[in-house]
Number of protein chains: 2
Amino acid sequence: MPLITHLSVRDIRFPTSDGLHGSDAIHADPDYSCAYVTLHTDVPGLSGDGITFTLGRGTQLCVAVIEQLQSFVVGRSLESITGDFANWWRAACNESQLRWLGPERGLIHMSFAAIVNAVWDLYAKSEGKPLWKLLSDMTPDQLVSVVDFRHISDVLTPDEAIELLKQHEQTKAVREAELLSTGLPAYTTSAGWIGYSDDYRRELCQKYLDLGFRHFKLKVGANLADDMHRATILREEIGDECALMMDANQVWDVGTAIDCMKELAAFQPLWIEEPTSPDDVLGHAKIARAIAPIGVATGEAISNRVMFKQFLESGAMQFCQIDSCRVGGVNELIAIMLMATKFNVPVCPHAGGVGLCNYIQHLSAFNYIAISPSLDKVVLEYSDHLHEHFVDRLNIQDARYRLPTMPGYSITMHDQSLAEHEFPQGSVWRSRKKGV
Amino acid sequence: MPLITHLSVRDIRFPTSDGLHGSDAIHADPDYSCAYVTLHTDVPGLSGDGITFTLGRGTQLCVAVIEQLQSFVVGRSLESITGDFANWWRAACNESQLRWLGPERGLIHMSFAAIVNAVWDLYAKSEGKPLWKLLSDMTPDQLVSVVDFRHISDVLTPDEAIELLKQHEQTKAVREAELLSTGLPAYTTSAGWIGYSDDYRRELCQKYLDLGFRHFKLKVGANLADDMHRATILREEIGDECALMMDANQVWDVGTAIDCMKELAAFQPLWIEEPTSPDDVLGHAKIARAIAPIGVATGEAISNRVMFKQFLESGAMQFCQIDSCRVGGVNELIAIMLMATKFNVPVCPHAGGVGLCNYIQHLSAFNYIAISPSLDKVVLEYSDHLHEHFVDRLNIQDARYRLPTMPGYSITMHDQSLAEHEFPQGSVWRSRKKGV
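As the structure is a prediction and not an experimental result, all values here were calculated from the model.

Visitor: Looking at this model, I keep getting lost on the overall build of chain A. Mind explaining?
Guide: Counting its regular elements, chain A contains 17 helices and 12 strands. Taking 436 residues into account, the globule formula puts the C-alpha radius of gyration at 22 Å, and chain A, at 21 Å, falls close to it. The principal-axis extents of the C-alpha atoms in chain A amount to approximately 60 × 55 × 45 Å. Considering only contacts in chain A between residues 6 or more positions apart, those separated by 24 or more positions represent 73%. Summing over all exposed atoms, chain A offers an accessible surface of approximately 13800 Å²; the carbon and sulfur share of this is 49%. Measuring between centres, the 37 positive side-chain charges of chain A sit 1 Å from its 55 negative side-chain charges.

Visitor: Explain the sheet that holds strand 1 (residues 4-13) of chain B here, please?
Guide: Within a sheet, neighbouring strands are paired by backbone hydrogen bonds and run either parallel or antiparallel to one another. All names here are of chain B. The strand order across the open sheet built from three strands is 1-2-3, with neighbouring strands paired in antiparallel fashion. A single partner strand is all that each edge strand has here, and the edge strands are strand 1 and strand 3 (47-54). Strand-to-strand twist across the sheet, computed as the mean angle between neighbouring axes with direction ignored, equals 15°. Pairing of strand 1 with strand 2 (residues 33-41) involves nine bridges; the strand directions are antiparallel. Across the sheet, residue His6 finds its bridge partner in strand 2, namely His40. Sitting on the sheet, helix 4 (residues 106-127) is in contact with strand 1, strand 2 and strand 3, with an inclination near 150° to strand 3.

Visitor: Explain the sheet that holds strand 2 (residues 33-41) of chain A to me, please; I cannot follow it from the model alone.
Guide: All names here are of chain A. Pairing within the open sheet is antiparallel, and its three strands lie in the order 1-2-3. In the strand order of this sheet, the two ends are held by strand 1 (4-13) and strand 3 (47-54), each with one partner. Direction aside, the axes of adjacent strands within the sheet are offset by 15° on average. Strands strand 1, strand 2 and strand 3 of the sheet are contacted by helix 4 (residues 106-127), whose axis makes an angle of about 150° with strand 3.

Visitor: Quick question: what am I supposed to make of the interface of chain A and chain B here?
Guide: Accessible area lost on assembly of the parts is the figure often given for the size of an interface. Each side of the interface is counted separately: chain A has 68 residues, and chain B has 68 residues. Area buried by chain A at its contact with chain B is led by Gln97(A), Trp100(A) and Arg105(A), which between them contribute 17% of it. Run the count over chain A and chain B and you get 10 salt bridges. Between the two partners, chain A and chain B, sit 50 residue pairs in polar contact (both at pLDDT 80 or more). Elements with a contribution of two residues or more to the side of chain A that touches chain B: strand 3, helix 1 (59-69), helix 4, helix 12 (281-291) and helix 13 (305-313) of chain A. Partitioned by chemical class, the residues of the side of chain A that touches chain B number 30 nonpolar, 21 polar and 17 charged.

Visitor: Would you explain the relation of the copies chain A and chain B in this entry?
Guide: The operation linking the two copies of the chain is a rotation about an axis combined with a translation along the axis. Each copy superposes on the other: chain A lies on chain B with an RMSD of 0.0 Å after a rotation of 180° and an axial shift of 0.0 Å. Both copies of the chain, as the preceding transformation shows, are related through a two-fold rotation axis. The rotation axis passes nearest to the C-alpha of Gly106(A) in chain A, at a distance of 2.4 Å. Both copies share a contact surface, since 100% of the interface residues of chain A are interface residues in chain B too.

Visitor: So what exactly am I meant to see when it comes to the UniProt feature "domain: Mandelate racemase/muconate lactonizing enzyme C-terminal" (unreviewed entry) in chain A here?
Guide: Those places that UniProt annotates as "domain: Mandelate racemase/muconate lactonizing enzyme C-terminal" (unreviewed entry) correspond, in this numbering, to residues 198-294 of chain A. Helix makes up 52% of residues 198-294 of chain A and strand 13%, with an end-to-end C-alpha separation of 26 Å.

Visitor: Sorry if this is basic, but what is going on with the pattern of salt bridges here?
Guide: When the charged atoms of two side chains lie near each other, side chains of opposite charge can form a pair. The full count for this structure, using the stated rule, is 52 salt bridges over all chains. Residue Glu176(A) pairs with Lys133(A) through a salt bridge whose shortest N-O separation is 3.1 Å. Here Lys133(A) lies in helix 5 (residues 131-136) and Glu176(A) lies in helix 8 (residues 172-182), a separation of 43 residues in the sequence. Taking the shortest distance from any N to any O, the salt bridge between Asp279(A) and Arg105(B) comes out at 3.0 Å. Note that Asp279(A) is positioned in the loop between strand 7 (271-273) and helix 12 and Arg105(B) in the loop between helix 3 (85-93) and helix 4, a pairing that runs across two chains. When sorted by exposure, Asp279(A) lands in the same class as Arg105(B), which is buried. Among the charged side chains, a salt-bridge network with shared partners connects Arg90(A), Glu104(A), Asp148(A), Arg305(A) and Glu332(A).

Visitor: Can you help me understand the side chain of Glu237(B) in this one?
Guide: Residues and elements named next belong to chain B. Within the secondary structure, Glu237 sits in helix 10 (residues 224-238). Accessibility expressed as a relative area gives 18% for Glu237, which makes it buried. Side-chain polar atoms of Glu237 contact the side chain of Arg202, separated by 2.8 Å.

Visitor: I keep staring at the domain arrangement of chain A and nothing clicks. Help me out?
Guide: Residues and elements named next belong to chain A. Taken domain by domain, chain A consists of domain 1 (4-129 + 416-430) and domain 2 (165-413). Each of domain 1 and domain 2 was reduced to a C-alpha centroid, and the two centroids are 23 Å apart. At the junction of the two partners, domain 1 supplies 40 residues and domain 2 supplies 39 residues. Across the domain 1/domain 2 interface, buried area totals approximately 3200 Å², and carbon plus sulfur atoms make up 64% of it. Counting every contact that joins domain 1 to domain 2 gives one salt bridge.

Visitor: Looking at this model, I keep getting lost on the pairing of strand 3 of chain B. Mind explaining?
Guide: Sheet faces and side chains relate simply in a regular strand, where the side chains alternate between the two faces. Residues and elements named next belong to chain B. The buried count for strand 3 comes to seven of eight residues, which makes it a mostly enclosed element. Note that strand 2 and strand 3 share eight bridges and pair antiparallel. Each bridged residue has a counterpart across the sheet, and for Cys34 the counterpart in strand 3 is Phe53. Between strand 2 and the antiparallel strand that follows it, strand 3, lie five residues; Gly45 among them carries a positive phi value of about 85°.

Visitor: When you look at helix 11 (residues 254-264) of chain B in this model, what are you seeing that I'm missing?
Guide: Residues lying three or four places apart along an α-helix face the same way, a consequence of the helix completing one turn every 3.6 residues. Every buried residue belonging to helix 11 of chain B is among Val254(B), Ala257(B), Ile258(B), Cys260(B), Met261(B) and Leu264(B), and all of these are buried. As for helix 11 of chain B, its buried residues are in contact with helix 13 of chain A together with helix 10, strand 6 (243-247), strand 7 (271-273) and helix 12 (281-291) of chain B.

Visitor: Mind showing me how you'd approach helix 7 (residues 158-167) of chain B here?
Guide: All names here are of chain B. Three or more residues of helix 7 are buried, namely Ala161, Ile162, Leu164 and Leu165. Buried residues of helix 7 fall within an arc of 160° about the axis and therefore sit on the same side. In this structure, helix 7 carries Asp159 and Gln167 as exposed residues pointing more than 90 degrees from its buried face.

Visitor: Sorry if this is basic, but what is going on with the pairing of strand 8 (residues 295-298) of chain B here?
Guide: Alternating residues of strand 8 of chain B divide into Gly295(B) and Ala297(B) and Val296(B) and Thr298(B), and every residue in both groups is buried. Taking the sense of rotation as the criterion, the β-α-β connection linking strand 8 of chain B, helix 13 (residues 305-313) of chain B and strand 9 (residues 319-320) of chain B turns out right-handed.

Visitor: I tried to follow unusual backbone geometry on my own but got confused; where do I start?
Guide: With glycine set apart, most residues show a phi of negative sign, and most peptide bonds adopt trans. Residues and elements named next belong to chain B. Here Gly102 and Pro103 are connected by a cis peptide whose omega angle stands at -15°. Along the chain, the position of Pro103 falls in the loop between helix 3 and helix 4. With an omega dihedral of 10°, the bond running from Ala292 to Pro293 counts as a cis peptide bond. Inspection of the secondary structure assignment puts Pro293 in the loop between helix 12 and strand 8. Phi is positive for Asn249, which is not a glycine, with a value near 50°. Relative to the assigned elements, Asn249 resides in the loop between strand 6 and helix 11. Here Gln268, not a glycine, exhibits a phi torsion of approximately 50°, which is positive. Looking at the element boundaries, Gln268 is found in the loop between helix 11 and strand 7. Its relative accessible area of 58% is what places Gln268 among the exposed residues.

Visitor: In this structure, what is going on with the side chain of Asp280(B)? I would like to understand it.
Guide: Tracing the chain through its elements places Asp280(B) in the loop between strand 7 and helix 12. The class for Asp280(B) is buried, based on a relative accessible area of 0%. When sequence neighbours within four positions are dropped, the list of residues in contact with Asp280(B) reads His151(A), Asp154(A), Val306(A), Lys309(A), Gln310(A), Val254(B) and Phe311(B).

Visitor: Is there a simple way to explain the environment of Pro424(B) in this structure?
Guide: Position of Pro424(B) among the secondary structure elements: in the loop between helix 16 (415-421) and helix 17 (427-430). Apart from residues no more than four positions distant in its own chain, Pro424(B) is found in contact with Trp429(B) and Arg430(B).

Calculation notes
- The residue numbers shown here count from 1 along each chain, following its written sequence.
- Key to labels: chains lettered from A, ligands numbered from 1, both in the order written.
- Only residues with pLDDT of at least 70 get local features here, since the model is predicted, and only at 80 or more are side-chain atom pairs given and counted; chain-wide, interface and lining totals rely on the full set of residues.
- In computing side-chain properties, one takes all heavy atoms of the structure into account and sets aside hydrogens as well as water.
- In this description a helix means any DSSP run of H or I spanning at least four residues, a strand means any run of E spanning at least two, and both kinds are numbered starting from the N terminus.
- The atom set for the radius of gyration is the C-alpha atoms, and the globule formula is 2.2 Å times the number of residues raised to the power 0.38.
- By definition in these notes, contact holds between two residues if any of their heavy atoms fall within 4.5 Å.
- Computed by Shrake-Rupley with a 1.4 Å probe, the accessible areas treat only the displayed protein chains as cover when residues are assessed.
- His is not counted, nor are the chain ends; Lys and Arg add positive charge and Asp and Glu add negative charge.
- Positions of charges follow a simple convention, taking NZ of Lys, CZ of Arg, CG of Asp or CD of Glu.
- Note: two strands are recorded as paired if DSSP finds a minimum of 2 bridges between them.
- Structural elements are reduced to axes, namely lines fitted to C-alpha atoms, with helices fitted over the stretch in contact, and the angle between N-to-C directions of any two is expressed from 0 to 180 degrees.
- Here the buried area means the combined drop in accessible surface, using a 1.4 Å probe, for two parts upon being joined, counting both sides.
- A carboxyl oxygen of Asp or Glu within 4 Å of a side-chain nitrogen of Lys or Arg is what we treat as a salt bridge.
- Throughout this description, a polar contact denotes any pair of N or O atoms lying within 3.5 Å of each other; where both atoms belong to protein, one of them has to be capable of donating a hydrogen while the other can accept it, and for residues adjacent in sequence the pair is counted only when both atoms sit in side chains.
- In the scheme used here, Gly and all other residues not listed as nonpolar or charged are polar, with Ala, Val, Leu, Ile, Met, Phe, Trp, Tyr, Cys and Pro taken as nonpolar and Asp, Glu, Lys and Arg as charged.
- Overlaid copies result from least-squares superposition on C-alpha atoms, with residues included only where pLDDT is at least 70 in both.
- UniProt positions are given in the numbering used here, feature names are shortened, and annotations may be inferred rather than shown by experiment.
- Accessible area is worked out with a 1.4 Å probe on protein chains only. A residue is then buried under 20% of its type maximum, exposed over 50%, and partly exposed in between.
- For the domains described, the bounds stem from an automatic or database domain assignment.
- Summarising the geometry, the arc corresponds to the directions from the helix axis toward the C-beta atoms.
- For a crossover, the right-handed case is the one in which the path from the first strand over the helix to the second runs clockwise, viewed with the strands pointing away from the viewer.

This is the structure:
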């Protein structure tokens, strides 16, 4: 029963804006970064790591929020948290003075996610299991006990969630064996960033086709003529058999989204991702009705389970793109995956950046094994940047995520990577003038 | 044409939790506080002040965000901002790396509001007018030019907004004269906090009746029996002629809200405020349909214009309770007031805390003079705490806000108040152990 003795948190940044990796209609120059939390314990060799993902500037703000919230974990036994998980989670989200600064949204909530994710990493390591296995081995009652159902019970009650989980409980072992054998399907955005030249884009398409990828995502929304041009190149390279997804990164208004997608429909996209504001449930529903059968995908910037609830119940979302760090960590993601399953919406997690691929492989494996026993329309985002910095390095073969086997949530970074990239004192940043 | 030479920001906290002022179903012990921004200029004697309101712990996080955002104002002339106001506002909300930490929601957005509010204070002072007068004197084209219509144009276009403003442009002077003569109607929450004894509550009801108040708000949501008890006391004291409003501070789920309000309907409340999560548009719409003719009121915790848009267009909100610091300051509030007018929903601003009453008198006066020429169902929250700290002190007579006449946005605090309450070094806090 480890005791959490202290929390440390570091501002870790990678200068990815140098190569225009990650450039899209609204994020011109991201430096993929994270606030990196470690929960230290009184058990020698046992600690838990967790991150929240950021784009560079402002990571120190996440660090400051995490320091403010550390009283919810420091000085507590792991079991005092995991044994009363939903109540612990709710108490931290509702700290009586801090709640005003959210509630359950934005900087406070995504910073809290780093702590929650670190608790789960510690929990999985203390049980000697990868997180997906720890979660998949839990009973329906145990799983439901970690979820705060406040403000979602009009759409999903705890009893209903237990029933849903019980339906497929007996066949979990079959799906676990399947995943261990074949892994989870991935798609690539690497050929889709806005900042690339035509030739480089074609080259990347061929590279990822050769690697086995059959799902390609293209960033759109800069202007329609350019979008059509890039889509033409992608379709020329990948052919008609591969899936093409589009992502506007929130840049359009509702009417513009509908107008543009009527043109871009010529390229037969599977989905349009983030066509407008991530807060606009009703707007996404309008778009979805207007452009069917093209689906609407969104989620990486949706605040919390209450927003996901509305997107799902109103038909505003045909693909549910959970982000592992935006909402309040694993506990809230379980609530969202349960609701998505109730509404028969596939969960296709957001990833890329730094560490997000590591996280989502656990979430999607668990979701398939224990919650939603179908891989129809399920495909996980994959990006091949920055994996060398992680101890439990991502294993992609034939465009499929192979399940991790090391205990934990696969987010622990190498000491040298942390030292070199810590902002602003790491060697990578000392020689630069950019940043904050 | 003043140049903004530097920005200073202070963490100002008042130990209001000592007296259980402000206790409700979800905020047990608020210390009313603010991040207090000053924009210094190269013009002797001219500066602009702005705040964002907080409940104590975490105010230093707002300070850190404001420091991060200061490059959007420091080194710029006031005119370079106000002359291209909507684009400036959008650029600051969409800083390419910081945007991920919102977008346009939570800690980042409410901290940005303090800067926006300070810019407007500086603008009004430089023009020698109180803010309500500066805004009321602007033409429809000028007003619309300060608003970012991104993500709301499916419900309100700039052209439509100009038409709406032009309808009542010729009669602005009549309403201005009326307000200068009679002021704006106020309601009190002072008798409604949860933590008070019955006798003290009765005493407060009589005090505010004697002061001329005819609208009383009661906090509910702790448990139904207690809510019924407190409502009984209020109705006994204020009679049937006065309006009784109820406020659950987000504590209920949708089903619980409907069930509780069917019981509390016996007390004929005018509205139920924040019955559930402030993110739940569809949930509020369900509640509104179930409990009509009792209205649903919400807004103090709604993130931005995109969320207000949905509440208004879906009939989820019968009273629009804008908060002067939660969304992105005056610019975004104009967008929200325009949409409320389009949907014929009265704007009844949230106030209390510290400084919020000062702000809303300007917003509501401007709204009545230039946007929505009716006071039907319009009533402004009033709380009589902490007014002694402000240079342009609030003037309430016969339960009506009297219009401020000093130039600016009425938020400048006395130097001594700032010095004594700065956290943690002010004299009020040095002798205490509570806080952060």
